[in-house]
Amino acid sequence: QTVVTQEPSFSVSPGGTVTLTCGLSSGSVSTSYYPSWYQQTPGQAPRTLIYSTNTRSSGVPDRFSGSILGNKAALTITGAQADDESNYYCVLYMGSDIVVFGGGTKLTVL
Amino acid sequence: QVQLVESGGGVVQLGRSLRLSCAASGFTFRNYGMYWVRQAPGKGLEWVAVISYDGTNKYYGDSVKGRFTVSRDNSKNTLYLQMNSLRAEDTAVYYCATWRGSGYYYFDYWGQGTLVTVSS
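Each chain carries its own residue numbering, running from 1 in the written order of its sequence. Chain letters start at A and ligand numbers start at 1, both assigned in the order the entries are written. Only residues with pLDDT of 70 or above have their local features reported here, since the model is predicted, and side-chain atom pairs are shown and tallied only from 80 upward, although totals for entire chains, interfaces and linings are computed over all residues. The basis for every side-chain value is the complete set of non-hydrogen atoms in the structure, without hydrogens or water.

A. Seen up close, the sheet that holds strand S8 (residues 72-78) of chain A. All names here are of chain A. By definition, two strands form a pair when at least two bridges between them are found by DSSP. Where helices and strands are cited, they refer to DSSP runs of H or I of at least four residues and of E of at least two residues respectively, numbered from the N terminus. Ordered by their spatial adjacency, four strands build an open sheet running S1-S3-S8-S7, and the pairing between neighbours is antiparallel. Strands with a single pairing partner mark the edges of an open sheet, and in this sheet they are strand S1 (4-6) and strand S7 (64-69). Pairs of neighbouring strands in the sheet enclose a mean axial angle of 25 degrees, with direction left out of account. Examined bridge by bridge, S7 and S8 share six bridges and lie antiparallel to one another. When the sheet's bridge partners are listed, Leu69 is paired in S8 with Lys72. A fitted line through C-alpha atoms represents every axis, and for helices the fit uses only the stretch in contact; the resulting angles, taken between N-to-C directions, go from 0 to 180 degrees.

Laid out in structure tokens, this is it:
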């Protein structure tokens, strides 16, 4: 059973920088997992932010960036704003059109 | 613009069935794989089912395997999820999403979701 790990919660000050990570219970995340990131505010549908590790989806501001840091995928928000306060989910591709979702990170901006 | 509109949710009794629909517009539906993803109240996202662009390949999450069936009608630009033997733990908002495969592997667009409540 593959488990994708994310920090349950994180906080950042307005204007600050935060890096959320996405790992595997066993093994390392690489670009071969095509990590993608989604933002979701309560009551709303998810919004696609990043795909294929570091490609921003259309309309996503460039203060959102994706990368591989060590053995994890990472989502970095530079210059955090109040409306970045959301839940962030990473998704890893396992092959044959199958994915695994991370448990999500609740980001607080304060 | 791309639109995905889910429907068919509601309150259903334990053990009964329900069929969800996802009407797609604004893109060439028949070219895309499609996913159903759900979210139980206060919980994270969980993939439910995926279907290939032509309906030939279908996969299911372990929690719904044998009870749920995904299908599509490309002539109607519509995705379906037939849910049988519903359990309390199936209570969730169900989202349909376009699946961009072929070297990209991510969810491109999402619907607004439809709420399914399974009650005793």
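Still more to cover.
B. Layout of the interface of chain B and chain A. The contact criterion used throughout is that any non-hydrogen atoms of two residues lie within 4.5 Å. Facing 22 residues of chain B, the contacting portion of chain A comprises 20 residues. Joining two parts hides part of their accessible area as seen by a 1.4 Å probe, and the buried area is that hidden amount summed over both. Carbon and sulfur atoms supply 62% of the area that chain B and chain A bury against each other, a total of about 1,900 Å² over both sides. Interface area lost by chain B to chain A is led by Leu45(B), Tyr105(B) and Tyr106(B), which between them contribute 31%. Salt bridges, as used here, are contacts in which a Lys or Arg side-chain nitrogen is within 4 Å of a carboxyl oxygen on Asp or Glu. At the boundary of chain B and chain A, one finds zero salt bridges. Contacts described as polar in this section are N or O atom pairs within 3.5 Å, which, within protein, must combine one atom able to donate a hydrogen with one able to accept it, while residues neighboring in sequence count only if both atoms come from side chains. Here chain B and chain A share twelve residue pairs in polar contact (both at pLDDT 80 or more) between them. Looking at the side of chain B that touches chain A, the elements that each hand over two or more residues are strand S4 (33-39), strand S5 (45-51), strand S9 (92-100) and strand S10 (106-110) of chain B. Residue type decides the class: Asp, Glu, Lys and Arg count as charged, Ala, Val, Leu, Ile, Met, Phe, Trp, Tyr, Cys and Pro as nonpolar, and the leftover types, Gly among them, as polar. Across the side of chain B that touches chain A, the residue classes tally to 13 nonpolar, five polar and four charged.

C. Examining the packing of aromatic side chains more closely. Here a Phe, Tyr or Trp ring, Trp counted by its six-membered ring, pairs with any other such ring whose centre lies within 6.5 Å, and the pair is stacked when the planes are under 30 degrees apart, edge-to-face when over 60, and tilted otherwise. Inspection of the entire model under this criterion finds 18 aromatic pairs over all chains. Geometrically, the ring pair formed by Tyr95(B) and Trp110(B) is edge-to-face, given 6.2 Å between the ring centres and 85 degrees between the ring planes. Of the two residues, Tyr95(B) sits in strand S9 while Trp110(B) sits in strand S10, which places them 15 residues apart along the sequence. Burial here depends on accessible area, computed with a 1.4 Å probe over protein chains only, as a share of the maximum for the residue type. Under 20% is buried, over 50% is exposed, and the range in between is partly exposed. Overall, Trp110(B) belongs to the buried group, its relative accessible area being 12%. An aromatic cluster is built from Tyr34(A), Tyr38(A), Tyr93(A), Phe101(A), Tyr35(B), Trp47(B), Tyr95(B), Trp99(B), Tyr105(B), Phe107(B) and Trp110(B), whose rings are joined through pairwise contacts.

D. Representation of the state of the cysteines within the structure. Only a pair of cysteine sulfur atoms within 2.5 Å qualifies as a disulfide here. Using the criterion set out here, one finds two disulfides over all chains in the structure. Covalent S-S linkage joins Cys22(A) and Cys90(A), the inter-sulfur distance amounting to 2.0 Å. Looking along the S-S bond of the Cys22(A)-Cys90(A) disulfide, the torsion reads about 70 degrees, which is the right-handed sense. On the criterion of sequence distance, the pair formed by Cys22(A) in strand S3 (residues 17-24) and Cys90(A) in strand S9 (residues 87-95) is long-range, its members being 68 residues apart. For the residue pair Cys22(A) and Cys90(A), the accessibility class agrees, reading buried in each case. There is a disulfide in this structure between Cys22(B) and Cys96(B), and the S-S distance comes to 2.0 Å. For the disulfide bridge between Cys22(B) and Cys96(B), the dihedral angle about the S-S bond is near 65 degrees, and by the sign convention the bridge is right-handed. Remark: Cys96(B) occurs in strand S9 and Cys22(B) occurs in strand S3 (residues 18-25); sequence separation between them is 74 residues. Across this residue pair, the class does not change: Cys22(B) and Cys96(B) are buried.

Limitation: the analysis is restricted to geometry and does not speak to function.
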